Amino acid sequence: MLTKAPSQTGWVPRRTLPGPKQALPPPAPDVQSVAILGRVAVESDLWSRWLLDRRDARDAAQRGVTIEHLSHVRDRVLEAAGSLDGATLLDVGCGDGLIGLRALDLVGPDGTVIFADISDALIEHCREAVRARGALDGARFVLAGAEDLARIPAASVDVVTTRSVLIYVEDKARAFSAMHRVLRPGGRISLFEPINRLMFPEPDDRFGGYDVTGATDLAAKVKAVFARSEPPGAVAAMMGFDDRDLVRLAEEAGFERIHLECHIDVEPGSLMRSVTLDALLGSAPNPNAPTVGEAITAALSEPERQRFVAGLEQAFTEDRAVRRMAVAYVVACKRR
Ligand SMILES: C[S@@+](CC[C@H](N)C(=O)[O-])C[C@H]1O[C@@H](n2cnc3c(N)ncnc32)[C@H](O)[C@@H]1O
């Protein structure tokens with residue numbers, strides 16, 4: 001049976017196979033499950049655990065590499081949004097503040113950045129980051145889903161940004177309508193999304209971009225564990241759209257002057273930009289997924305695990321990896 005388990009990095013196992021050798025291990029005990037963030041006790045959640053811990057294997061060097069890569073995406077999204085001086089900018093799915101924190105500098109003292117997310121823990125994380133900068137006056141924090149942006153009044157913002165959020169939203173048409181609703185006439189959106197459908201699933205002899213020729217049987221079992229980790233709906237949300245759908249959705253929501261740039265790159269390097277083999281094994285490719293190490297353990301017997309990890313390590317050491325990515329940048333305006 002063909003299934004796909006896409007990721008934010010675009011890593012998509014090719015097909016499901018018979019059940020894993022072992023059940024997936026329960027999530028590791030999370031010492032930060034109730035984090036005291038500023039003055040409020042906030043429970044961590046799937047999203048905050050992934051963005052703040054599991055995406056980068058709790059490894060500072062790995063996080064640095066990820067942030068360095070994402071900072072280029074962030075800058076491009078903000079640049080495409082046009083002049084931001086004095087603007088009210090809403091960042092939908094603000095996460096740990098990648099876009100919103102930089103936007104604070106760009107909107108200046110007369111502008112406002114609204115950090116919106118469905119994760120309380122991430123909202124509080126952003127609030128603390130803004131507080132640490134002494135910039136609370138220029139920020140607001142709103143618990144809101146992209147599907148309705150319910151707490152954001154109509155025609156109240158100048159710019160909506162979002163990065164790698166719609167990919168997780170099943171009803172993207174509602175999200176585009178909500179972004180259109182909250183914008184003032186003449187307001188604009190600037191967004192970035194990976195387009196997994198264009199490049200994945202990856203070939204059988206690749207695992208996260210690494211050359212696993214000689215262990216494709218084992219790679220398939222591990223990919224199957226990833227495929228099974230996705231809840232219903234998540235695969236469709238991540239895989240069920242391409243660049244043309246984004247244009248259509250923007251147009252149907254009422255946007256005009258829509259401009260989309262699709263970038264496709266096939267280049268040396270791994271999908272997760274892993275700095276060490278340990279960082280690779282400790283990273284989870286998306287919020288629903290186990291870490292690579294957890295998936296390997298769940299999928300393979302001990303001798304198989306050793307063979308697979310040895311092959312992966314060799315590919316890692318010899319830099320035998322190809323990253324295949326398709327991404328889209330979209331800007332569009334609300335009619336004046
Ligand atoms: C991949 S992270 C991206 C975070 C941030 N935009 C960035 O650029 O780093 C996805 C973010 O979307 C948020 N999210 C997921 N589903 C959402 C939804 N339906 N509405 C709003 N935010 C959502 C998550 O909590 C998470 O912060």
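Look a little higher up for the structure.
One structure accompanies this document, and this report is about it. Predicted, not measured: the structure shown is a model, and the values here were computed from it. Every chain begins its residue count from 1, and numbering advances along the sequence as written. With the structure being a predicted model, the display of local features is reserved for residues of pLDDT at least 70 and the display and counting of side-chain atom pairs for 80 or more, all residues being used for whole-chain, interface and lining totals.

## Some thoughts on the overall build of the chain
In step 1: What the chain contains, in helices and strands, is eleven helices and eleven strands.
In step 2: We call a residue exposed when 12 or fewer other C-beta atoms sit within 10 Å of its C-beta, buried when the count reaches 20 or more, and partly exposed for counts in between; the C-beta positions come from the backbone. For the chain, with 336 residues in total, the buried portion stands at 48%.
In step 3: Long-range contacts, defined here as pairs at least 24 residues apart, represent 78% of the contacts in the chain between residues at least 6 apart. Runs of E in the DSSP output that reach at least two residues are strands. Runs of H or I that reach at least four are helices, and both are numbered from the N terminus. Contact between two residues is assigned when their C-beta atoms, built from the backbone, lie within 7 Å.

## Some details on the site of the ligand
In step 1: Proximity of a residue to a molecule or strand is defined by its backbone-placed C-beta atom lying within 6 Å of that partner. Contacts to the ligand come from 21 residues, most closely from Trp47, Gly93, Gly95, Ala146 and Arg163.
In step 2: Every element with two or more residues in the shell around the ligand is listed here: helix H1 (46-54) and helix H3 (98-107).

## A short note on the pairing of strand E3 (residues 88-92)
In step 1: The buried fraction of E3 amounts to five of the five residues, a majority that puts the element mostly inside the structure.
In step 2: By the alternation rule, side chains of E3 split into Thr88, Leu90 and Val92 and Leu89 and Asp91, which are all buried.
In step 3: In terms of handedness, the path from E3 via H3 over to strand E4 (residues 112-117) forms a crossover that is right-handed.
In step 4: Here E3 runs beside strand E6 (residues 157-163); their pairing, made up of four bridges, is parallel. Bridging from a neighbouring strand, valine 92 pairs with threonine 162 of E6. Throughout, right-handed denotes a crossover for which the path from the first strand over the helix to the second runs clockwise when the strands point away from the viewer. Following DSSP output, two strands are said to pair if at least two bridges run between them.

## Observations regarding H1
In step 1: Buried within H1 are the following residues: Ser48, Arg49, Trp50, Leu51 and Arg54.
In step 2: Contacts from the buried residues of H1 go to helix H4 (120-132).

## Overview of helix H10 (residues 292-299)
In step 1: Summarising burial for H10: seven of the eight residues are buried, a large majority.
In step 2: Those residues of H10 that fall on the buried side of the exposure criterion are Val292, Glu294, Ala295, Ile296, Thr297, Ala298 and Ala299.
In step 3: For H10, the elements touching its buried residues are helix H6 (216-229), helix H9 (277-282) and helix H11 (302-317).

## Regarding unusual backbone geometry
In step 1: The omega torsion of the bond from phenylalanine 200 to proline 201 falls at 10°, within 30 degrees of zero and hence cis.
In step 2: By the element assignment, proline 201 lies in the loop between strand E7 (183-194) and strand E8 (206-207).
In step 3: Of note in the backbone geometry, alanine 155 takes a positive phi value of approximately 50° without being a glycine.
In step 4: Along the chain, alanine 155 falls in the loop between strand E5 (139-143) and E6.
In step 5: When the 11 C-beta atoms within 10 Å are taken as the criterion, alanine 155 is described as exposed.
In step 6: Of note in this structure, serine 164 is not a glycine but carries a positive phi near 50°.
In step 7: Along the polypeptide, serine 164 turns up in the loop between E6 and helix H5 (172-182).
In step 8: The partly exposed category is assigned to serine 164, around which 19 C-beta atoms lie within 10 Å.

## With respect to the environment of glutamate 43
In step 1: Here glutamate 43 shows up in strand E2 (residues 40-43).
In step 2: Judged by the 12 C-beta atoms lying within 10 Å of it, glutamate 43 falls in the exposed class.
In step 3: Once the C-alpha coordinates of glutamate 43 and aspartate 120 are considered, the two residues, 77 residues apart in sequence, prove to be 7.7 Å apart.

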